[in-house]
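A look at the structure
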Amino acid sequence: MLQFDERADRVVPPTGFTARLTLFSSFAMAFLAVFALALSLAAGRVADRWGNELAQSSTLRISAPAGEVATQTEAALRVLRTTPGVVDARALTLEEQRELLTPWFGADLPIEDLPLPQLIDITETDEGYDSAGLRLRLAAEAPAAVLDDHARWRRPLIDAAGRLRLLGWASILLIAAASAAMVTLAANAALAANAQVIAVLRLVGAKDTYIASAFVRRFALRALTGAAMGTLIGIVALVLVPSGRENGGFLTDLSIQGIGWLWVVMIPPLSGLVAFLATRYAAGRVLEDLA
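Residues numbered from 1 in each chain as written. Predicted model: local features only at pLDDT ≥ 70, side-chain atom pairs only at ≥ 80, totals over all residues. Heavy atoms only, no water.

1. A short note on the packing of helix 2 (residues 69-81) against helix 4 (residues 131-141)
A packed helix pair is summarised by two numbers, namely the angle formed by the two axes and the spacing between the axes. Interhelical geometry of helix 2 versus helix 4 gives an angle of 150° and a closest axis separation of 10 Å. The orientation of helix 2 with respect to helix 4, classified from their angle, is roughly antiparallel. Taken as a pair, helix 2 and helix 4 cross one another with a handedness that is right-handed. Where helix 2 approaches helix 4, its residues Ala-75, Ala-76, Val-79 and Leu-80 are matched on the opposing element by Leu-134, Arg-137, Leu-138 and Glu-141. Taken together, the residues of the contact of helix 2 with helix 4 sort by class into six nonpolar, no polar and two charged. (Axes fitted to C-alpha atoms, helices over the stretch in contact; angles between N-to-C directions. Helix = DSSP H or I, 4+ residues; strand = E, 2+ residues; numbered from the N terminus. Parallel < 35°, antiparallel > 145°, perpendicular 65-115°, else oblique. Left-handed = near helix turned anticlockwise from the far one by under 90°. Contact = heavy atoms within 4.5 Å. Nonpolar A, V, L, I, M, F, W, Y, C, P; charged D, E, K, R; others polar.)

What follows is the structure, given as structure tokens:
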């Protein structure tokens, strides 16, 4: 067990390379951890949003000769409006279809001259509808209608967002490991530089636990201070990122919301804990070698 004494850490040089290395590495890693955490949380929100939105909407496409489009559209609408699980079914106007195509082909697209299929937007209940049964009814009454329940679009998008969320958490773990490595190197350097001081302390009766506590306390406080500064600057940088929530993109929605702030607040103390464990390990190894 380590016995902490506020006066004990005077044996550790308050300035120098190890101090700057510990402060800078803790600052940089905390700054990166804020963005990794924001990426992970944003990806999680996007996955939930995409899943909810696409799960409650479907599209019906009617590709038929020009003279049959109106008839098949009416037949398809009758089927949809009597299907359990369908809240609303509405045929898109030519102008609405133009708006859907404009981002891809530009505003000057001569949509009136193109043989575009008629699209019907379907809004579902939370429970949804029986897609297999609906397809059978449509095949009998509107054979030119093709149902797209967005399943093939929804799953890849949700999987991609889920992988980004895992990538964010994996990045945080790597940041913690890198922080531990840097603090361990700095602690080793500080202990080696103070080998003579450690020898004198042993001669006057100081125990290894007392000597180790001096280094552990100093490096833990340095890491805590650097991480607090890095976290604060990271939050400021996040606030300055332009918001694009209306577009549903995670790269323009890097923000912390709700319980996510609890994780942000935990970054400095967790950095201090990592430094505590890393320095304690380094101190034990070096003091054993110097014995």
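2. Some details on the pairing of strand 3 (residues 118-124)
For strand 3, a buried count of five out of seven residues is recorded, marking the element as mostly surrounded by other parts of the structure. As paired strands, strand 1 (residues 57-62) and strand 3 are joined by six bridges and run antiparallel to one another. Bridge assignment links Ser-58 to a residue of strand 3, and that residue is Ile-122. The pairing of strand 2 (residues 86-91) with strand 3 spans five bridges and is antiparallel. Opposite Asp-88, over in strand 3, you have Thr-123 as the bridge partner. (Buried < 20%, exposed > 50% of the residue type's maximum accessible area, 1.4 Å probe, protein only. Pairing = 2+ DSSP bridges.)

3. Quick look at a nonpolar patch on the surface
Where nonpolar side chains cluster on the molecular surface, the patch consists of Ile-259, Leu-262, Met-266, Leu-270, Leu-273 and Leu-277 and spans about 580 Å² of accessible area. Mapping Ile-259 onto the fold places it in the loop between helix 7 (208-240) and helix 8 (260-290). (Patch = residues over 30% accessible without salt bridge, like charges linked within 9 Å, V, L, I, M, F, W, Y side chains within 5 Å. Areas by Shrake-Rupley, 256 points an atom, 1.4 Å probe, with all protein chains shown as cover. Salt bridge = Lys/Arg side-chain N within 4 Å of Asp/Glu carboxyl O.)

4. A short note on the side chain of Ser-40
Among the secondary structure elements, Ser-40 is positioned in helix 1 (residues 17-55). Ser-40 sits in the buried class, given a relative accessible area of 1%. Of note is the side chain of Ser-40, whose polar atom sits 3.1 Å from the backbone oxygen of Arg-165. Apart from residues lying up to four places away in sequence, Ser-40 is in contact with Arg-165, Gly-168 and Trp-169. (Polar contact = N/O pair within 3.5 Å; in protein donor to acceptor, adjacent residues only side chain to side chain.)

5. So, empty space enclosed by the protein
Applying the stated criterion across every chain yields a total of one cavity of 30 Å³ or more. Lining the largest cavity are Ser-26, Met-29, Ser-179, Val-183, Ala-223, Ser-271, Val-274 and Ala-275. Looking at the lining of the largest cavity, the elements that each hand over two or more residues are helix 1, helix 5 (151-193) and helix 8. Per-element accounting of the lining of the largest cavity gives the leading share, three residues, to helix 8. A class-by-class count of the residues in the lining of the largest cavity yields five nonpolar, three polar and no charged. (1 Å grid on protein atoms, 1.4 Å probe; cavity = no way out; pocket = protein on both sides within 12 Å on 5 of 7 lines; lining within 4 Å. Points joined across faces, edges and corners; volume = space filled by probe spheres on them.)

6. Topic: the packing of helix 6 (residues 195-203) against helix 7
Interaxial distance between helix 6 and helix 7 falls to 10 Å at its minimum, and their mutual angle equals 145°. In the packing of helix 6 onto helix 7, the handedness of the crossing is right-handed. Residues Ile-198, Leu-201 and Arg-202 of helix 6 touch helix 7, and the partners they reach there are Asp-208, Ile-211 and Phe-215.

7. Observations regarding the nonpolar core
Taken as a class, soluble globular proteins show a tendency for nonpolar side chains to be buried jointly. Val-183, Leu-191, Ile-198, Ile-211, Phe-215, Phe-219 and Leu-287 are the most contacted members of the largest nonpolar core, which totals 20 residues. Elements with a minimum of two residues in this core: helix 5, helix 6, helix 7 and helix 8. The contact partners of Val-183, leaving out residues within four places of it in the chain, are Thr-22, Phe-219, Ala-275, Ala-278 and Thr-279. If you look at the next biggest cluster of nonpolar residues, it comprises 18 residues, including Leu-80, Tyr-129, Leu-138 and Leu-147. (Core = buried A, V, L, I, M, F, W, Y, C linked by side-chain atoms within 4.5 Å.)

8. Notes on the layout of surface pockets
A probe matching the size of a water molecule, rolled over the atoms, marks out where space remains unfilled. Looking at the second largest pocket, its volume works out to about 340 Å³. Broken down by secondary-structure element, the contributors of at least two residues to the lining of the second largest pocket are helix 1, helix 5 and helix 8. Of the residues that constitute the lining of the second largest pocket, the class distribution is 15 nonpolar, two polar and no charged.

9. Quick notes on the packing of aromatic side chains
For the structure on display, the rule yields two aromatic pairs. Ring centres 5.2 Å apart and planes at 50° place the aromatic pair Phe-31 and Phe-35 in the tilted group. Residue Phe-31 and its partner Phe-35 are both found in helix 1; the two are separated by four residues, about one turn of the helix. Given a relative accessible area of 25%, Phe-31 falls into the partly exposed group. Measuring from ring centre to ring centre gives 5.3 Å for Trp-169 and Trp-263, while their planes differ by 70°; the resulting arrangement is edge-to-face. Residue Trp-169 is found in helix 5, and its partner Trp-263 is found in helix 8; the two are separated by 94 residues along the sequence. Over the face of the ring belonging to Phe-219 we find Arg-222, whose NZ or CZ atom lies 4.8 Å from the ring centre. (Phe/Tyr/Trp six-rings, centres within 6.5 Å; stacked < 30°, edge-to-face > 60°. Lys NZ or Arg CZ within 6 Å of the ring centre and 35° of its normal.)

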